[in-house]
Amino acid sequence: MNKREKFLAYGQQSIDDDDIAAVVEALKSPFLTTGPKIAEFEETIATYVGAKYAVAFSNGTAALHAACFAAGIGDGDEVITSPITFAASANCVRYVGGDVVFADINTETYNIDVLEIEQKITPRTKAIIPVDFTGQPADMDSIMELAKRYNLVVIEDGAHSLGAEYKGRKVGTLAHMTMFSFHPVKPVTTAEGGVIVTDDWHYFEQLKLFRSHGIEQTAYAEEQGAWYYEMTSLGFNYRMTDIQAALGISQMKKLDYYIEKRRKLAKLYNELLRNVDGITIPYQLENTNSGWHLYSIQLDEQNIRKTRKQVFEAMRESNIGVHVHYLPIYWHPYYQGLGYKKGLCPLAETWYKGALTLPLHPSMTEQDINDVVSLLLHQIN
Ligand SMILES: *Cc1c(COP(=O)(O)O)cnc(C)c1O
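Overview of the structure. (Residues numbered from 1 in each chain as written. Predicted model: local features only at pLDDT ≥ 70, side-chain atom pairs only at ≥ 80, totals over all residues. Heavy atoms only, no water.)

Below, the discussion takes up a nonpolar patch on the surface. Together, Ile215, Tyr229, Met231 and Leu234 make up an exposed nonpolar region whose accessible area comes to about 440 Å². Among the structural elements, methionine 231 can be located in strand β11 (residues 230-231). For methionine 231, a relative accessible area of 51% gives the class exposed. (Patch = residues over 30% accessible without salt bridge, like charges linked within 9 Å, V, L, I, M, F, W, Y side chains within 5 Å. Areas by Shrake-Rupley, 256 points an atom, 1.4 Å probe, with all protein chains shown as cover. Salt bridge = Lys/Arg side-chain N within 4 Å of Asp/Glu carboxyl O. Helix = DSSP H or I, 4+ residues; strand = E, 2+ residues; numbered from the N terminus. Buried < 20%, exposed > 50% of the residue type's maximum accessible area, 1.4 Å probe, protein only.)

Glancing now at the sheet that holds strand β14 (residues 295-299). Taken in spatial order, the 3 strands make up an open sheet running β12-β14-β15, and their pairing is antiparallel. On the outer flanks of this sheet lie β12 (279-280) and β15 (355-358), each paired with one strand and no other. The pairing of β14 with β15 spans 4 bridges and is classified as antiparallel. What sits directly across from glutamine 298, in β15, is alanine 355. (Pairing = 2+ DSSP bridges.)

Moving on, we come to the site of the ligand. If you check the shell around the ligand, you find 16 residues, and the closest are Gly60, Thr61, Asp157, Ser181 and Lys186. Separating an oxygen atom of the ligand from a backbone N or O atom of glycine 60 is a distance of 2.8 Å. At 2.5 Å from an oxygen atom of the ligand is found a side-chain nitrogen or oxygen belonging to threonine 61. Taken by itself the ligand offers 380 Å² of open surface, and the protein chains cover 93% of this. (Near = heavy atom within 4 Å. Polar contact = N/O pair within 3.5 Å; in protein donor to acceptor, adjacent residues only side chain to side chain.)

Right, let's talk about the pattern of salt bridges for a bit. Scanning the model with the defined rule gives 18 salt bridges in all. For arginine 211, the salt bridge identified is with glutamate 42, shortest N-O distance 2.8 Å. With arginine 211 in helix α7 (residues 201-211) and glutamate 42 in helix α2 (residues 36-49), this pair connects stretches of sequence that are 169 residues apart. Here arginine 211 matches glutamate 42 in class, with each residue buried. Of the charged contacts, one joins arginine 124 and aspartate 99 as a salt bridge, the two residues approaching to 2.6 Å between their closest N and O atoms. Of this pair, arginine 124 sits in the loop between α5 (114-120) and β4 (125-129) while aspartate 99 sits in strand β3 (residues 99-102), placing them 25 residues apart in sequence. Take arginine 124: its relative accessible area is 41%, and that puts it in the partly exposed class. Among the charged side chains, a network of salt bridges with common partners joins Glu78, Arg94, Asp99 and Arg124.

Here it is, written out as structure tokens:
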């Protein structure tokens, strides 16, 4: 075989008849948005991860924006994050006027390195946004310890890690606020959607305000009349619909099954690729249990006598939807324009040059994994 008949995407949603029925039912209900399904979805997420509160948003990026607002990040505040993540992890800081500071990654986990974070802390530092890259939780105990010492807010970007565990605890209970995304490639989907979970009542109140124009029913309503509401801060319309929440509730019933499937398939990749020259398989820490959102290997161009680009293109030719996660954020022209220089995080840059994401999602079979591996070995041998 030198080509798959059908294109295999690097990630995609799994939608079944129950999901479709749930959406149809929501469409027939009196509420299309901000009805009972939102509250039920928020309750489902909070219960699943073991957090007190959950606030659903129109997408994960909006949720991160809201978390930055709730954390009180503003003009001139510095926020530290990883360069190896999706742009939204950094952009949310810019939305509220803050400055993004990139701390380099750890060469074992490819997550943000705690020692690097500490070196980047200044009197202006307000928050840290660790990212659970590929679904493997960042070193959250050390990060929370650092945050306590320097009085910083921690907003965990868990877009990849819903259902993942760190020292036996679910992601969602480790940071002050945690964001999950429900984009179609993420662990479960609402088409577009996001959520912040937190145990903090103050953050919870701020997040709800920010989601809906900064409008609230204040104490004056009693004196003025029941129609009365006030806009007390500048918010947005970042609401999720009931239709999406209904899909989310239905999807959550299958999350554990999806993750089990991902873990099984990742294990098979590991077994098949572990001893291949020129390939480094993802490293799994003993005290974490990754949700395996992405399966990302490192290619050593010296050892395979081909460039990453050549391997990427040949795999795409063979109908294998390989991808690369991620370009260091500060390499993007927008961030270059803000003055960030190449070379800032050398380990992240080296990671980027060798990275190749192989397809992994719950509807794949073991045969799919075998196809990817045999085509890959054919390319690099
Ligand atoms: C997907 C993603 C986001 C943004 O989520 P959206 O729901 O697409 O807005 C943020 N951070 C990371 C790491 C992501 O993968």
